[in-house]
Structures are given as structure tokens and as C-alpha cells.
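# Fold and contact review
Each chain, written out:
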Amino acid sequence: MAGVSMWRPVNKGEATSLRCRWQTKDFFVLFLAFQACCVQNARCALQALSIIGKPATQSGGYYAAGNAVDGSISTFSHGNEGDTHPWWRVDLGAEHCLGEITVRTRLGCCGEYRFAAAVARAGLGSNYNDNQPCGSPAARAQCTDGATIVFPCETPRMARYVTLDIDPSHHDVTKALLQLAEVTVKEYTNGECGAVDDTTTTALSAVRPTGKPCEVRTAAFQMLRDRSWIANSHLLSKKVVRSLMRCAGYCARDAHCNCFDFAPGNGQCRLHNLNSTYIEMMPNEEFAVYTVVDKF
């Protein structure tokens, strides 16, 4: 009958054909689901980046900072007891688009109270406080001997330096002391941090801003004052970027950003929502202040 689906028995050959078609369809659905995962969750693209033997330093200590990047969990770095704000740093030697930092704490001793509240950071600044954290500070319950603690960077970030530090004033801290068996990192490999157009980007190593208008695709900015920063604003956001043009681009894309100050020496980029009439500036040798001329 037309329009009616009739059941009928199938022979062995037809059954095999139907089963193969179903398996093929099932595989295709799973493949699409995996692709969706990689589109919606960029962590699918994370790959290990070897930092074994990279130059490492720390605020002071009994055992070398490089022990935390020697590829062995049997050795460890060891900071000084009584350090007012212990930190550890590794120089990757080049910029990478990082997405994850993993720390293995010292085996057999002291992790339960010495690594608590440790903060992992990644960025372009060589000082630990120049860069934004990845994930949350290490919780006290995580910090057992030989623990593996993962610090995911919520958004991909360009980084040359990876640091760890402990603020002794944190309520979880009993003794602020870094003892690191091994530090590893993972990077994004599919351009998640965005390609930099060298024809429109001023490198951080370049000279100070000249005062000429700074133009990006959707906005134009004018430098108000060199060697100054904005003193009377609640920040919209603070970033570490590679260039003046990148900082201007962030401001251009933020509907509330009307000005920014930028430090070419360490890449600090601070976005503000003040109109130029209301900006109060204070001397600061590191920064220059820019305001929006036009957004288009």
C-alpha cells in the first residue's frame, strides 16, 4: 500500500548489508561528535611541549631551579625557607601558545603544607606578577607528596615564561616554600592564539611610541602622553601582549574601551572606559597613554 511501510523478512546478505550501513553511519556520527568536541573545546589540540633543560631560576634555594625541568621526578628544586614571596621561573626561549601547566610536587616530603596556594602563570613578562594565572591556586587538599596538579589556562595565551609563586599572606599557607619535582607544559598547535601580522605590528623590542596616530582595522588612537599612565580608572581589563597594535586591537573590540595605557618594555596593556576629558595621568616611565580618536 502506498504510504505504508511494510515489514518483511530479510535474507542473510541483506542483513549484512544493513548492518554495515548502520556501522558506517554510527562511525560517522561519532566522528562528527569528536569534531564538535575539538571545535567547542580547544583542549583537543593541546600537545606536550618539551621544556627539559630550559633555563630556570628561582628566588633562592638549596637545590637548583633546573631540577624541576630535568625530566626526572627523582630530583627536585627547593626554595629558601622564610622567603617573603617565593617564586620559580622557566624561560621557554621563544613564544608559544600555551594552554596548560602541570606540576609534580616533591616525592616523600612536605607537599601537604608547602605548596598550598601556589599560583601558576604564563605570559610574555619575565616577572611573575607581569602575567595572568592559569587556573586557580593550588588547593591545600591537592598538595600531597608527589601530587600531580594541573593548572589549565582558560584561554590560550602567548607565553615565553612560565612561573610559580606563593603569596605567604594567603589563608591556606602554613609555610610558603616551593619544592618542585617536575614542571611540564602543553601548547595549542592550531593557531588558537591568533597569528600576528608582522606588517602591522610593532615588536616589544622596538623604540617607545612616537606620538603618531595608531590605527587598527576598526579604530584609530592618538597618544596623549608618553611616560605616563592612567591613574583614576577602574580597569576594564589588564593583559600582557606582544605589541602596541595588539593592545590597540583589544581596545577596538571592546565597546566600553575609550582609552588604554601600554608599557612596551614588558607588554602590559590596560584598558579603560574614560573619555579623554576625564583622564587623570601620573608619571610612569614604563607606560604611554592612548585615547580613541574614532571607531569605525
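For the structure itself, consult the block above.
Residues numbered from 1 in each chain as written. Predicted model: local features only at pLDDT ≥ 70, side-chain atom pairs only at ≥ 80, totals over all residues. Heavy atoms only, no water.

### Notes on the state of the cysteines
Counted only if it meets this: Whenever a pair of cysteine sulfur atoms sits within 2.5 Å, that pair is classed as a disulfide. Here the term buried applies to any residue with accessible area under 20% of the maximum for its type, exposed to any over 50%, and partly exposed to those in between, with areas from a 1.4 Å probe on protein chains only.
Per the stated rule, a full pass over the model turns up three disulfides. For C251, the disulfide goes to C257, at an S-S distance of 2.0 Å. Across the S-S bond of C251 and C257 the torsion is about -95 degrees, and the bridge reads as left-handed. The exposure class of C251 is buried, given its relative accessible area of 0%. Overall, C257 belongs to the buried group, its relative accessible area being 0%.

### Some points on the packing of aromatic side chains
Convention followed: Pairing of aromatic rings covers Phe, Tyr and Trp, the last through its six-membered ring, and needs centres within 6.5 Å; plane angles under 30 degrees mean stacked, over 60 mean edge-to-face, and all others mean tilted. Strands are runs of DSSP state E lasting at least 2 residues, helices are runs of H or I lasting at least 4, and numbering of each runs from the N terminus. By definition here, charges over rings are those cases where NZ of Lys or CZ of Arg is within 6 Å of the ring centre and within 35 degrees of the ring normal.
Counting across every chain of the model gives four aromatic pairs. Between W229 and F287 the ring centres are 5.2 Å apart and the planes differ by 45 degrees, which places this aromatic pair in the tilted class. Placement of W229 in strand β10 (residues 219–230) and of F287 in strand β14 (residues 281–295) is noted, with a sequence separation of 58 residues between them. W229 gets classed as partly exposed once you look at its relative accessible area, which sits at 28%. Looking at F287, the relative accessible area reads 4%, which means it is buried. With a centroid separation of 5.1 Å and an interplanar angle of 10 degrees, the aromatic rings of F260 and Y290 are classed as stacked. Placement of F260 in strand β12 (residues 259–263) and of Y290 in strand β14 is noted, with a sequence separation of 30 residues between them. Neither residue differs from the other here; F260 and Y290 are each classed as buried. Every member of this aromatic cluster is reached through a ring pair, and the members are F221, F260 and Y290. Stacked on the ring of Y250, the Lys or Arg K239 has its end atom at 4.7 Å from the ring centre.

### Considerations on the pattern of salt bridges
To keep things clear, this is the line we draw: Every case where a carboxyl oxygen of Asp or Glu lies within 4 Å of a side-chain nitrogen of Lys or Arg is listed as a salt bridge.
Using the criterion set out here, one finds seven salt bridges in the structure. For E81, the salt bridge identified is with K175, shortest N-O distance 3.4 Å. Of this pair, E81 sits in the loop between β4 (77–79) and β5 (87–105) while K175 sits in the loop between β7 (148–165) and β8 (179–188), placing them 94 residues apart in sequence. Taking relative accessible area as the criterion, E81 reaches 42% and is therefore assigned partly exposed. A residue is classified by how much of its surface remains accessible, and K175, at 29% relative accessible area, is partly exposed. With its nearest N and O atoms 2.8 Å apart, the salt bridge here joins D91 to R160. You can see D91 sitting in strand β5 and its partner R160 sitting in strand β7, a full 69 residues away along the chain. Residue classification places D91 among the buried residues on the basis of a relative accessible area of 16%. On the basis of relative accessibility, which here comes to 32%, the residue R160 falls in the partly exposed class. Connected via shared salt-bridge partners are D226, R227 and E285.

The values reported here are purely geometric and, on their own, carry no functional implication.
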